[in-house]
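In case you want the letters, here they are:
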Amino acid sequence: MSSSRRSRPQRTGSSLSPSSSRTISEDQISELLSKLQALLPESQTRNGAQRGSAARVLQDTCSYIRSLHQEVDNLSDTLAELLSSADVTSDQAAVIRSLLM
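Throughout what follows, the structure given in this document is the object of discussion. (Residues numbered from 1 in each chain as written. Predicted model: local features only at pLDDT ≥ 70, side-chain atom pairs only at ≥ 80, totals over all residues. Heavy atoms only, no water.)

1. As for the overall build of the protein
Here is step 1: From N to C terminus, the protein includes three helices and zero strands.
Here is step 2: The order of α-helices and β-strands along the protein, N terminus first, is α-α-α.
Here is step 3: Across the 101 residues of the protein, 11% fall into the buried class.
Here is step 4: Relative to all contacts within the protein whose residues are 6 or more apart in sequence, the contacts with residues 24 or more apart total 11%.
Here is step 5: Accessible area of the protein: about 9000 Å², with a carbon and sulfur share of 53%. (Helix = DSSP H or I, 4+ residues; strand = E, 2+ residues; numbered from the N terminus. Buried < 20%, exposed > 50% of the residue type's maximum accessible area, 1.4 Å probe, protein only. Contact = heavy atoms within 4.5 Å. Areas by Shrake-Rupley, 256 points an atom, 1.4 Å probe, with all protein chains shown as cover.)

2. Some remarks on helix 2 (residues 54-84)
Here is step 1: With 31 residues, helix 2 extends 45 Å from end C-alpha to end C-alpha; this agrees with the ideal 45 Å at 1.5 Å per step.
Here is step 2: Regarding helix 2, the residues found buried are V57, D60 and T61. (Expected span 1.5 Å × (residues − 1).)

3. A look at the packing of helix 2 against helix 3 (residues 90-100)
Here is step 1: Helix 3 packs onto helix 2 with a crossing angle of 150° between their chain directions and a minimal axis gap of 10 Å. When the interaxial angle is binned, helix 2 and helix 3 end up roughly antiparallel. For the pair helix 2 and helix 3, the crossing hand works out as left-handed. Counting all contacts with helix 2, which are made through L79, L82 and L83, the residues of helix 3 involved are A93, I96 and L100.
Here is step 2: Residue composition of the contact of helix 2 with helix 3, grouped by class: six nonpolar, no polar and no charged. (Axes fitted to C-alpha atoms, helices over the stretch in contact; angles between N-to-C directions. Parallel < 35°, antiparallel > 145°, perpendicular 65-115°, else oblique. Left-handed = near helix turned anticlockwise from the far one by under 90°. Nonpolar A, V, L, I, M, F, W, Y, C, P; charged D, E, K, R; others polar.)

4. Some words on the pattern of salt bridges
Here is step 1: Counted according to the given criterion, the structure contains one salt bridge.
Here is step 2: Note that K35 is salt-bridged to E31, the shortest N-O span being 3.2 Å. In this pair, K35 and E31 both sit in helix 1 (residues 26-39), four residues apart, roughly one turn of the helix. (Salt bridge = Lys/Arg side-chain N within 4 Å of Asp/Glu carboxyl O.)

5. Quick notes on the environment of A54
Here is step 1: Relative to the helices and strands, A54 is located in helix 2.
Here is step 2: A C-alpha to C-alpha distance of 6.7 Å links A54 and L33, two positions 21 residues apart in sequence.

6. Regarding the packing of helix 1 against helix 2
Here is step 1: In contact at an axis separation of 10 Å, helix 1 and helix 2 are set at 35° when each is read in the N-to-C sense. Read as a crossing pair, helix 1 and helix 2 show a hand that is left-handed. Here helix 1 contributes L33, L36, Q37 and L39 to the contact with helix 2, which in turn contributes A54, V57, L58, T61 and Y64.
Here is step 2: Grouping the constituent residues of the contact of helix 1 with helix 2 by class yields seven nonpolar, two polar and no charged.

All quantities given are derived from atomic positions and should not be read as evidence of function.
Encoded structure:
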């Protein structure tokens, strides 16, 4: 006879019990937001505020990630142009490729 209840896989390495894994305390959220805000460069935080609202920290983080994606795209385009130009020797291309790996 098979049971109609499905067993849920337990997370490994989690310090939370299965019943508490769905909730997070306000202190934990505050701590995580502080850590996230600390990862943002000073120019990304608005008005140089030490602590912002959760919404502001998340908005700033999203803006920063978008700017990083744009920077990666620009650098990729520049690198592609550099590697395809006639001015780059095969030795120089090899050095550039080795730096990227």
